[in-house]
Amino acid sequence: MTVLELDDASIKFGGLIAVNKVSFQVNEGQIFGLIGPNGAGKTTCFNLITGVYKPTSGSITFLGKSLSDVHTDKIAGLGIARTFQNIRLFSSLSVVENVMVGGLLRRKSSLPSALIYLPSSVTDTAQIRHRALELLEVLDLTDVADVRSKDLPYGKQRRLEIARALATDPKLLLLDEPAAGMNPNEKVDLMNTVKRLRDDFGKTILVIEHDMKFVMNLCENISVLDHGEKIAEGLPQEVRSNPKVISAYLGESTN
Amino acid sequence: MTTGESAITPQTGGFVPKLNLGMFFGVRTVSILATVLFCVGIDFFSGPQFMSRYAAGLIFLCGTYVALSVSLNLINGITGQFSIGHFAFFQIGAYTAAGCSKAFYATMHLPTLEWLVLMAIAGSITAAIAGFVVGLPSLRLRGDYLAIVTLGFGEIIRIATENITYLGGSKGIDITPHYQSIALIMLLAVGCIALSRNLLKTAFGLGFLAVREDEVAAVAMGVNVTRIKVLAFIIGSAFAGAAGALYAHKYGFIIPDQFKMDGSFIVLTMVILGGTGSVTGSILAAIILTLLPELLRDLHNVSFGGLIATALMVLVATFGIKRVIDTHFDLLKMKWLSALGVLAACVIGEIIIKMLLDLFPHVRTHAPIDGAQLRMVIYAATLVIVMLLRPQGMFAHHEFSWTWVKKVLHSKTAVKS
């Protein structure tokens with residue numbers, strides 16, 4: 001089943017075409033890689049999917065529903081969650097509170113009940129907290145649950161972003177350079193975690209990453225962007241030997 | 001894998017927290033009764049048989065400023081919307097009460113207290129509407145830009161009232177039930193505190209904090225940022241409006257000049273001094289900053305020389321302690337000891353300077369300035385000193401609670417050992 005489909009999606013910023021007629025499909029349970037040199041339009045693609053920008057032409061559908069009229073803060077409710085390339089945690093909140101913000105989306109109590117402190121809001125808070133702690137266990141962050149998130153080491157901050165995104169109960173998880181700045185050991189751990197999210201929990205995952213080894217080992221399907229256009233798609237080994245991809249990354253030979 | 005699976009599959013509902021409802025409502029009822037008792041008690045003990053009208057007025061002012069700073073803390077500290085026009089909502093509440101009293105009080109024959117409650121509600125409603133109007137641009141503006149809009153809004157309200165003749169214009173307006181209700185202002189302050197506390201205790205408050213921390217990430221997590229910002233403005237301004245209505249009736253006369261923007265800045269100072277986001281910090285800062293200029297009126301008896309000596313020594317102590325804080329010591333105990341050392345040195349220095357000055361009686365008796373005239377200078381200097389020593393505010397992001405005290409004490413002993 002197709003979870004996410006981009007059909008000729010384009011966006012222009014003034015005269016610059018940041019994403020030009022990009023189409024790809026992400027199927028359920030897939031780990032899909034989106035790669036390309038710097039400035040290729042990968043993160044812009046993510047911003048299109050999550051409604052930060054609206055496509056100037058083309059369409060994006062999620063589980064058969066067009067995303068073009070959906071406001072940014074409703075995207076998470078539909079089942080798409082993302083992490084950010086430059087970490088965007090709620091830095092002075094604790095680790096568990098960060099994840100609870102994600103869980104807030106699935107709350108059952110209302111604001112008035114919270115303001116006058118009704119039992120429903122108290123039990124609701126306890127449930128959200130409990131679930132956040134479970135997610136921290138999945139991502140191996142239990143021991144730092146009460147640490148302020150800005151005091152965490154870099155690798156853990158990246159994992160916390162994933163935990164926070166998972167708290168919104170997404171069907172599709174968008175990871176924007178999750179391995180950036182990690183050491184080789186952390187990368188292996190992260191790869192196993194991402195695989196586990198798919199294998200054990202059935203998440204569909206779309207990942208942007210620069211680390212080729214990481215992408216080739218993790219993804220089943222890869223799309224390559226360059227200058228806003230899709231230049232290749234296929235299995236990792238196909239993409240790796242594609243001459244267009246090689247020239248995009250290494251440049252053409254002059255002779 | 002069991003825990004993990006239940007965490008990731010949506011709405012398993014595997015965990016149902018148990019809440020002892022009898023206990024829960026019992027504690028709630030007791031705490032609400034205690035609050036009401038506290039408010040009525042303060043009202044009773046501030047009667048003329050116990051203290052002067054001046055002292056009772058100070059208690060009323062403390063209540064007003066606590067309500068103002070805690071409500072601004074909701075907008076500014078918790079939701080992170082930099083508003084510097086809080087006095088505008090205060091003024092709107094005050095003028096609503098003034099206008100309604102002028103129009104209806106004579107014909108409606110309501111008892112004073114009931115009328116005050118009614119006016120507080122009316123003031124909070126008009127202020128909440130104004131808060132909604134100001135909240136709207138906050139959806140598009142951030143930081144300094146929003147600050148300028150709120151500043152402009154405050155000026156618009158003040159200048160508008162100066163030109164409405166029905167409300168007395170720039171000459172001010174008399175308000176008929178001239179009555180000071182300490183019980184009501186205390187209830188309002190406590191209500192505002194309770195609301196902020198409830199919000200921060202439940203998961204909902206995290207949505208507000210998330211907007212303060214990172215708007216883009218909050219939106220991506222499905223937090224309805226629009227709704228939260230507007231709500232913060234509405235709730236915060238409603239409390240300021242109610243406080244304004246009670247304030248207007250306490251003095252029986254208001255004039256637009258009372259609501260100049262320096263008032264907004266004083267409330268903002270309280271929030272920042274207490275530590276942005278900290279409710280208990282805002283309360284404490286509001287009380288201190290209300291009482292400080294009043295207490296400094298007693299400086300008549302202090303000699304000029306003494307004042308100079310003290311100022312000098314406070315300055316030395318400030319930078320000395322700042323130095324100590326900045327220096328890296330392995331032991332916290334050392335920091336405390338050196339800070340105390342600086343203080344002791346300053347006290348000795350003060351005594352020596354005073355003794356030297358006493359050698360010149362001419363200076364002492366013909367002091368050009370009376371100590372009390374310097375009270376606002378001292379007030380301002382105090383702010384500068386606190387901000388130098390502790391830029392994050394007295395409580396920073398923390399709340400005062402016994403668990404917090406325990407934690408702090410514990411960490412100190414841990415460092416010592």
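Keep in mind that what you see is a predicted model, and the values were worked out from it rather than measured.

Engineer: Describe the interface of chain B and chain A, naming the residues involved and giving the relevant values.
Structural biologist: Counting from both sides, the interface comprises 37 residues of chain B and, opposite them, 46 residues of chain A. Listing elements by their share of the side of chain B that touches chain A, those giving two or more residues are helix H1 (2-8), helix H2 (21-45), helix H7 (182-201), helix H8 (203-213) and helix H9 (215-220) of chain B. Here the residues of the side of chain B that touches chain A sort into 23 nonpolar, 10 polar and four charged.

Engineer: How would you summarise the pairing of strand S9 (residues 221-226) of chain A if you had to cite specific residues and measurements?
Structural biologist: Note on strand geometry: in a regular strand, side chains alternate between the two faces of the sheet. All names here are of chain A. Counted residue by residue, S9 has five buried out of six residues, so it is predominantly covered. In this structure, strand S3 (residues 31-35) lies alongside S9, joined through four bridges in parallel fashion. Each bridged residue has a counterpart across the sheet, and for Phe32 the counterpart in S9 is Asn221. Across five bridges, S9 lies against strand S10 (residues 229-234) in antiparallel orientation. For Ser223, the partnering residue across the bridge sits in S10 and is Glu233. Between S9 and S10, which pair antiparallel one after the other, the connecting turn spans two residues, and His227 there sits at a positive phi close to 50°.

Engineer: Describe the packing of H2(B) against H7(B), listing the residues and the values that go with them.
Structural biologist: All names here are of chain B. At a minimum axis separation of 8 Å, H2 and H7 run at an interaxial angle of 145°. For H2 against H7, the interelement crossing comes out right-handed. Of H7, the residues touching H2 (which contributes Thr35, Cys39, Val40, Ile42 and Asp43) are Ile182, Ala183, Met186, Leu187 and Val190. In terms of residue class, the contact of H2 with H7 is made up of eight nonpolar, one polar and one charged.

Engineer: Go over the domain arrangement of chain A, please, and point to the residues and values.
Structural biologist: Residue and element names in this part refer to chain A. Splitting chain A by domain gives domain 1 (1-79 + 170-255) and domain 2 (91-168). On a C-alpha basis, the centres of domain 1 and domain 2 stand 27 Å from each other. Across the boundary between the two partners, domain 1 contributes 10 residues, which contact nine residues of domain 2. Breaking the side of domain 1 that touches domain 2 down by element, the ones donating at least two residues are helix H2 (72-78), strand S7 (172-176) and helix H7 (184-199). By residue class, the composition of the side of domain 1 that touches domain 2 is six nonpolar, three polar and one charged.

Engineer: Give me the lowdown on helix H4 (residues 86-108) of chain B, citing residues and values where you can.
Structural biologist: With 23 residues, H4(B) should cover 33 Å at 1.5 Å per step; its first-to-last C-alpha distance of 31 Å lies within 8% of that length. Maximum bend of H4(B): about 45°, positioned at B:Ser101.

Engineer: Mind laying out unusual backbone geometry, listing which residues take part and the relevant values?
Structural biologist: Residue and element names in this part refer to chain A. Its identity as a non-glycine residue notwithstanding, Tyr117 has a phi of 60°, on the positive side. Mapped onto the secondary structure, Tyr117 falls in the loop between helix H4 (111-115) and helix H5 (119-138). Of the residues examined, Tyr117 has 19 C-beta atoms within 10 Å and is grouped as partly exposed.

Engineer: Could you give me a rundown of the nonpolar core, with the residues and numbers involved?
Structural biologist: A:Ala163, B:Ala67, B:Ile185, B:Leu188, B:Ala243 and B:Leu246 are the most contacted members of the largest nonpolar core, which totals 168 residues. With 16 residues, the single largest contributor to this core is helix H10 (residues 225-251) of chain B. When neighbours within four sequence positions are excluded, B:Leu246 is seen to be in contact with B:Leu116, B:Ala120, B:Ser181, B:Leu184, B:Ile185 and B:Leu188. Core analysis: the second largest hydrophobic core is formed by five residues, B:Ala309, B:Ala317, B:Ile321 and B:Cys346 among them.

Calculation rules
- Residues numbered from 1 in each chain as written.
- Chains lettered and ligands numbered in written order.
- Predicted model: local features only at pLDDT ≥ 70, side-chain atom pairs only at ≥ 80, totals over all residues.
- Contact = placed C-beta atoms within 7 Å.
- Helix = DSSP H or I, 4+ residues; strand = E, 2+ residues; numbered from the N terminus.
- Nonpolar A, V, L, I, M, F, W, Y, C, P; charged D, E, K, R; others polar.
- Buried ≥ 20, exposed ≤ 12 C-beta atoms within 10 Å, placed from the backbone.
- Pairing = 2+ DSSP bridges.
- Axes fitted to C-alpha atoms, helices over the stretch in contact; angles between N-to-C directions.
- Left-handed = near helix turned anticlockwise from the far one by under 90°.
- Domains from an automatic or database assignment.
- Expected span 1.5 Å × (residues − 1).
- Bend = angle between axes of the 7 residues up to and from the residue.
- Core = buried A, V, L, I, M, F, W, Y, C linked by C-beta atoms within 7 Å.

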